[in-house]
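# Structural characterization, general
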Amino acid sequence: MRISDARHPSAAPSASPTADSATYPAPRVHAGANPLHNPNGTKPGLAPITSPADRAAATELIKTLRVGDGYSLWGYTRAWFGENWADTATGVPYARNGCRTRDDLLARDGEQLIYGTGSPCAVVAMKLSDPYTGRTIGWRKQESGRVQVDHVVPLSYEWRMGAWEWPEGKRVRIANDPLNLLAVSGPVNEAKGGAGPASWLPPDRKMRCAYVTRFAQVAIKYDFYVTETDKAAMLAQCSARSSR
């Protein structure tokens, strides 16, 4: 069984399978997607926002964000957002397709994919063009920590911005929405933790406007506010001065 053509429209031969894996058609090497042209999050990765027109559009999007002080983290646990990567969300791309969300995202963002024997879902090896560092990472399941799936807006941040009072279904959606998810370097994701843009930005400076634009898209879709300092930091990343 193969990954559907809808998710990987262009296929090319992948690496030779190992004894415990099978190889399926993999996408051709791809560049990430400009978030302004990827409103549903179904295109892979991130691409820098470079043109003056796109940076202006990103700035206008960020300006629409509501600002608030946020609550404490009291009561927060990952469990409030549903089981890790369970295929139980509704109303978001890839939902209830029979694959765990993590595997959906590895398949979306990875290249030269290898799947486990007999599995249409479980990615066991791939290459990743990491949007946060600009480096290419060779990954296999035995070294799972080298690549993680990041919540662009951390779940703990959402909790502080009001997710504690959302219906359970909304929390499960945002935890599994591909708009809010990127496959990235594991150590870099660990360093980010639950920080907002005023405290953490991708090490690759040219990706920062794209990152904060994606952050804004998630906040707007799920209608929560950001802190004043985070909004100021986001605007600064897409300003004309930051592009120089």
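The preceding data block contains the structure.
Here we summarise the structure given alongside this text. None of the values given here were measured: they were computed from a predicted structure. (Residues numbered from 1 in each chain as written. Predicted model: local features only at pLDDT ≥ 70, side-chain atom pairs only at ≥ 80, totals over all residues. Heavy atoms only, no water.)

### Some remarks on the pairing of strand β3 (residues 123-129)
- Across the seven residues that make up β3, a large majority, five, are buried.
- Pairing geometry for strand β2 (residues 110-116) and β3, over four bridges, is antiparallel. Bridging across to β3, I114 finds its partner in A125.
- Hairpin connection between β2 and β3: a loop of six residues separates the two successive antiparallel strands, and G118 in this loop has a positive phi of roughly 75°. (Buried < 20%, exposed > 50% of the residue type's maximum accessible area, 1.4 Å probe, protein only. Helix = DSSP H or I, 4+ residues; strand = E, 2+ residues; numbered from the N terminus. Pairing = 2+ DSSP bridges.)

### Observations concerning the pattern of salt bridges
- Summed over all chains, the structure comprises eight salt bridges.
- Among the salt bridges present, the one from R108 reaches D109, with a minimum N-O distance of 2.6 Å. Taken as a pair, R108 and D109 share a single burial class, namely buried.
- Here E143 makes a salt bridge to R140, at a shortest N to O gap of 3.8 Å.
- By relative accessible area, E143 is classed as partly exposed at 32%.
- You can call R140 partly exposed: its relative accessible area is 42%.
- Beyond isolated ion pairs, a larger network of salt bridges with shared partners links R140, E143 and R146. (Salt bridge = Lys/Arg side-chain N within 4 Å of Asp/Glu carboxyl O.)

### Quick notes on helix α2 (residues 101-109)
- Burial analysis of α2 places nine of its nine residues in the buried class, the great majority of the element.
- All buried positions along α2 are accounted for by T101, R102, D103, D104, L105, L106, A107, R108 and D109.

### Concerning the state of the cysteines
- On inspection of all chains with the given rule, the structure shows two disulfides.
- Put simply, C99 and C121 are joined by a disulfide, and their sulfur atoms are 2.0 Å apart. The S-S bond linking C99 to C121 shows a torsion near -70°; that makes this disulfide left-handed. Highlighted residues: C99 in the loop between α1 (52-63) and α2 and C121 in the loop between β2 and β3, separated in sequence by 22 residues. As far as the burial class goes, C99 and C121 line up, both buried.
- There is a disulfide in this structure between C209 and C238, and the S-S distance comes to 2.1 Å. In this structure the cystine formed by C209 and C238 twists about its S-S bond by roughly 110°; its chirality is therefore right-handed. (Disulfide = S-S within 2.5 Å.)

### What to know about the nonpolar core
- If you look at the biggest cluster of nonpolar residues, it comprises 42 residues, and the most contacted ones within it are Y132, Y211, F215 and F224.
- Mapped onto this core, the elements with two or more residues apiece are α1, α3 (155-160), α4 (168-176), β6 (181-185) and α6 (208-221).
- At eight residues, α6 tops the list of elements feeding residues into this core.
- Once you skip the residues sitting within four places of it in the chain, F224 turns out to touch R66, V153, Y157, E158, M161, W166, I174, V218 and A219.
- A107, L113, V123 and L181 belong to the second largest nonpolar core, which has 15 residues in total. (Core = buried A, V, L, I, M, F, W, Y, C linked by side-chain atoms within 4.5 Å. Contact = heavy atoms within 4.5 Å.)

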